[in-house]
Amino acid sequence: MTSTHATTANRLFYGDNLDILCGHIADESVDLIYLDPPFNSNATYNVLFRERTGEESPAQIRAFTDTWEWTSETELTFERDIIGNPAVPEAVKDMITSFREFVGRNAMMAYLVMMAPRLVELHRVLKPTGSLYLHCDPTAGHYLKLLLDAVFGMGNYRNEIAWRRTNAHNDAKQGRRQYGNVRDTILFYTKSNEWQWNWQYTEYDAEYVDNFYKFTEQDSGRRYQMGDLTAAKPGGDTSYEWRVKCPPDGEWESDLTDEYTNPVDGWEYKGVFPYRGRYWGYSKDGMIAMAQQGRLAYTRTGVPRFKRYLDEMPGVPLQNDWTDIRPASRSESLGYPTQKPEALLERIILSSSNEGDVVLDPFCGCGTAVAAAHRLGRQWIGIDITHLAVALMKNRLKTAFNLEAGADYEVIGEPQDEGSARALWEQDPYQFQFWAVSLLEAQPQSAQRRGADRGIDGVIYFIDGRRRTPQKVVIQVKGGRVSSPQVRDLKGVVEREQAALGLFISLESPTREMQREAASGGIYHSELWDRDFAKIQLRTIGEMLSGQGFNLPPIASAYQPARRVEQSQGSQANLV
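1. Regarding a nonpolar patch on the surface
Part 1 of the argument: A surface patch of nonpolar side chains, about 330 Å² in accessible area, is lined by Trp197, Trp199 and Tyr201.
Part 2 of the argument: Counting through the fold element by element, tryptophan 197 comes out in the loop between strand E7 (183-190) and strand E8 (201-202).

2. Examining the pattern of salt bridges
Part 1 of the argument: One pass over the full model with this rule turns up 33 salt bridges.
Part 2 of the argument: What emerges from the salt-bridge pattern is a single network uniting Arg222, Arg295, Asp311 and Glu312.

3. Observations regarding the pairing of strand E10 (residues 223-227)
Looking down a regular strand, the side chains alternate between one sheet face and the other.
Part 1 of the argument: For strand E9 (residues 215-216) and E10, the ladder comprises two bridges, and the chain directions are antiparallel. Considered in E10, the bridge of threonine 216 is made with arginine 223.
Part 2 of the argument: Count of turn residues in the E9/E10 antiparallel hairpin: six residues, of which glycine 221 carries a positive phi of about 75 degrees.
Part 3 of the argument: Of the strand pairs in this sheet, E10 and strand E17 (residues 304-309) are connected by four bridges, and their pairing is antiparallel. Following the sheet pairing, glycine 227 is matched in E17 by phenylalanine 306.

4. A word on the sheet that holds E10
Part 1 of the argument: Taken in spatial order, the four strands line up as E9-E10-E17-E16 in an open sheet, and their pairing is antiparallel. Looking at the sheet topology across the chains shown, the edges are occupied by E9 and strand E16 (296-298).
Part 2 of the argument: Sheet topology places E16 next to E17; three bridges connect them, and they run antiparallel. Counted as the bridge partner of leucine 296 is phenylalanine 306 from E17.

5. Observations regarding the confidence of the model for the chain
Part 1 of the argument: Summing up the model confidence of the chain, the mean pLDDT is 85 and the portion of residues at 70 or higher is 84%.
Part 2 of the argument: Between residues 1-7, whose pLDDT stays under 50, and residues either more than four places distant or in other chains, the model counts 30 contacts.
Part 3 of the argument: Counting contacts from residues 447-451, a segment whose pLDDT is below 50, to residues more than four positions away or on other chains yields eight contacts.

6. Some thoughts on the environment of arginine 183
Part 1 of the argument: Take arginine 183: it is sitting in strand E7.
Part 2 of the argument: Its relative accessible area of 29% is what places arginine 183 among the partly exposed residues.
Part 3 of the argument: Residues in contact with arginine 183, not counting those within four places in the same chain, are Pro138, Ala162, Trp163, Arg164, Arg165, Asp321 and Thr323.
Part 4 of the argument: There is a polar contact of 2.7 Å between the side chain of arginine 183 and the side chain of aspartate 321.

7. Some words on the packing of aromatic side chains
Part 1 of the argument: Counting across every chain of the model gives 17 aromatic pairs.
Part 2 of the argument: For lysine 145, the ring lying beneath its charged end belongs to tyrosine 157, and the centroid distance is 4.1 Å.
Part 3 of the argument: The ring of tyrosine 224 has lysine 307 lying over it, and the distance from NZ or CZ to the ring centre is 5.1 Å.

8. Quick notes on the sheet that holds strand E12 (residues 242-246)
Part 1 of the argument: The sheet built from three strands is open, its strands ordered E13-E12-E14 with antiparallel pairing. A single partner strand is all that each edge strand has here, and the edge strands are strand E13 (253-254) and strand E14 (268-272).
Part 2 of the argument: Pairing analysis gives five bridges linking E12 to E14, with the strands arranged antiparallel. In the strand pairing of E14, cysteine 246 is matched with glutamate 268.

9. Some words on the packing of helix H9 (residues 368-375) against helix H10 (residues 387-401)
Part 1 of the argument: One way to put it is that H9 packs onto H10 with a least axis distance of 10 Å and a crossing angle of 30 degrees. With respect to their mutual orientation, H9 and H10 come out roughly parallel. In this structure, H9 meets H10 at a crossing whose hand is right-handed. For the pair H9 and H10, the contacting residues are Thr368, Val370, Ala371, His374 and Arg375 in the first and Arg396, Leu397 and Phe401 in the second.
Part 2 of the argument: For the contact of H9 with H10, the class distribution of residues is four nonpolar, two polar and two charged.

10. With respect to the packing of helix H3 (residues 90-103) against helix H4 (residues 107-125)
Part 1 of the argument: Direction vectors running N to C along H3 and H4 enclose 175 degrees, while the axes themselves pass 10 Å from each other. One element, H3, and the other, H4, form an angle in the roughly antiparallel class. Residue-level contacts link Val92, Ile96, Phe99, Arg100 and Val103 of H3 to Met108, Met109, Leu112, Val113, Ala116 and Val120 of H4.
Part 2 of the argument: Its residues assigned to classes, the contact of H3 with H4 shows 10 nonpolar, no polar and one charged.

11. Focus: helix H8 (residues 342-352)
Part 1 of the argument: Most of H8 is tucked away, with 11 of its 11 residues classed as buried.
Part 2 of the argument: Taken residue by residue, H8 has Glu342, Ala343, Leu344, Leu345, Glu346, Arg347, Ile348, Ile349, Leu350, Ser351 and Ser352 as its buried positions.

12. Some words on the environment of arginine 422
Part 1 of the argument: You can see arginine 422 is positioned in helix H11 (residues 418-427).
Part 2 of the argument: Overall, arginine 422 belongs to the partly exposed group, its relative accessible area being 24%.
Part 3 of the argument: With 119 residues separating them along the chain, arginine 422 and isoleucine 541 place their C-alpha atoms 9.3 Å apart.
Part 4 of the argument: Residues contacting arginine 422, with those up to four places away along its chain left out, are Leu507 and Glu508.

13. With respect to the pairing of strand E21 (residues 379-384)
Part 1 of the argument: Judged by how many residues are buried, E21 sits mostly within the fold: five of six residues are covered.
Part 2 of the argument: The pairing of strand E1 (residues 11-14) with E21 spans four bridges and is parallel. By the bridge assignment, phenylalanine 13 is partnered in E21 with isoleucine 383.

14. Description of unusual backbone geometry
Part 1 of the argument: Backbone geometry at glutamate 28 places phi at a positive 45 degrees, although glycine is not the residue there.
Part 2 of the argument: Residue placement: glutamate 28 occurs in the loop between helix H1 (17-24) and strand E2 (30-35).
Part 3 of the argument: The exposure class of glutamate 28 is partly exposed, given its relative accessible area of 43%.
Part 4 of the argument: One non-glycine residue, glutamine 498, lies in positive phi territory at about 55 degrees.
Part 5 of the argument: Turning to its location among the elements, glutamine 498 is positioned in the loop between helix H13 (484-496) and strand E26 (501-506).

15. Side note on helix H12 (residues 429-438)
Part 1 of the argument: Counting buried positions along H12 gives eight out of 10 residues, so the element sits mostly inside the fold.
Part 2 of the argument: Inspection of H12 places Gln431, Phe432, Gln433, Phe434, Trp435, Ala436, Val437 and Ser438 among the buried residues, and these make up the whole buried set.
Part 3 of the argument: Its side-chain oxygen placed 3.1 Å from the backbone nitrogen of tyrosine 430, aspartate 428 serves as the N-cap of H12.

16. Focus on the environment of alanine 231
Part 1 of the argument: Structurally, alanine 231 can be placed in strand E11 (residues 230-231).
Part 2 of the argument: Here the alpha-carbon distance between alanine 231 and tyrosine 279, two residues 48 residues apart in the chain, equals 5.1 Å.
Part 3 of the argument: Discounting residues that sit within four places of it in the chain, alanine 231 has contacts with Arg278, Tyr279, Trp280 and Gly281.

Procedures and definitions
Residues numbered from 1 in each chain as written. Predicted model: local features only at pLDDT ≥ 70, side-chain atom pairs only at ≥ 80, totals over all residues. Heavy atoms only, no water. Patch = residues over 30% accessible without salt bridge, like charges linked within 9 Å, V, L, I, M, F, W, Y side chains within 5 Å. Areas by Shrake-Rupley, 256 points an atom, 1.4 Å probe, with all protein chains shown as cover. Salt bridge = Lys/Arg side-chain N within 4 Å of Asp/Glu carboxyl O. Helix = DSSP H or I, 4+ residues; strand = E, 2+ residues; numbered from the N terminus. Pairing = 2+ DSSP bridges. pLDDT = per-residue confidence, 0-100. Contact = heavy atoms within 4.5 Å. Buried < 20%, exposed > 50% of the residue type's maximum accessible area, 1.4 Å probe, protein only. Polar contact = N/O pair within 3.5 Å; in protein donor to acceptor, adjacent residues only side chain to side chain. Phe/Tyr/Trp six-rings, centres within 6.5 Å; stacked < 30°, edge-to-face > 60°. Lys NZ or Arg CZ within 6 Å of the ring centre and 35° of its normal. Axes fitted to C-alpha atoms, helices over the stretch in contact; angles between N-to-C directions. Parallel < 35°, antiparallel > 145°, perpendicular 65-115°, else oblique. Left-handed = near helix turned anticlockwise from the far one by under 90°. Nonpolar A, V, L, I, M, F, W, Y, C, P; charged D, E, K, R; others polar.

Structure below.
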């Protein structure tokens, strides 16, 4: 599968990442890929929205489930996108076929069939100097590693990074007789044996500092250790005598004048030579410069040593056991259930890319990788299959960086007109609902395909009254034929929910009877804003896309605002 499209960051895509990779991302155009695909853990995740009423939220909507099933469609994907696809390497076909024989036709195999062609495409779009980091849990991590070996080649495996995502996890509460699972796995692969790499460092621990940086400079308070100034082999100007003098207080120091006289007033002069079989590791000019800079320390015998200051050392080269990065903090959290901390993504981005490079996240969720890439001066491409995630990312980019979709970055796949909105409704009515509700930055009420939504597709609030209390606005979205009974139903929902307003969004234009029914809903008077608003309002998708929105008091977005940050280069956020 080869795309002829040129890569132009920054871009945000709605849709299946396999289709987008094939149709929009050019060969060898991406410097770094991070992916956090849904785990095959049979868990259902909830997306939590900011509550404005102080009540316990009834709107913990199920944004996605990561439960997989082997179906006839999965079998078709296996045969068409993997076995019958000439772009898939034979090693991958052999591996996935072996998986099917060993694992069987079940949920795990369905998950691996979903992942295999996507990993092949990700390998295609990666530059020869590029890297890929796949974030997974223990459920499928060992299978994914074998799959990555087949796609990238075993020789391009670099590390298995363990990230401690929590301090304790009591699996015994779930009746499991096993150790608590507190770590995720991040598999690190490169496209070739020449890859972009920037060393990252962590701080020394206190015990190491106490053991190795035992000395403290009196004037500055800087801690240091003494380093050897000798070398095993001669080279250059290293055969010279280095003399030091000891004043009455016993502190040895260099005499840089080369004029040695008899001891005066108790001062003692001493010639210092390297150990037998050793040579000075620095030229005489270099030694003099270090002495003038105060970088020499002396042993009790007067032997000069180099002061290696603790505050000048970069730290411990980063290892593959990451215990210093905590989960997303409360101030950082957007309520997205699998949200990763920005410090984790920043570490990966700083290690494996440079400013201006292109970072791709094909399962970008609420956009942590995108936000981290933007803050660090990288270009980015984000892909997600739910309009809910796309809406959350747009809100994050706006509140964190003041970026506007369409002006500061491109959004591809979202409906731009009535025709594309209708196409989305015909393809997936639930995603159409999410998208329509997101036009108001409202809180969607249900992502489930089964179960009643109580006549509410979205909720949003505004503040009113002398006590500035939250007032509820309920939203209904209709993609098919519309009629006046639907408006009467909305009026009933508004009354039942004690809502201030009811909004009706439709693809089709409302009939006159619907407009009369809405007009009979009465007026809401805003005490705070001293204005009247129709309690029931009707708008079409076409009207909303053309800027003819609802007549509303100032509305507060239901999305959690991201922390405001400034774009920077080459620095990592606080780890805790």
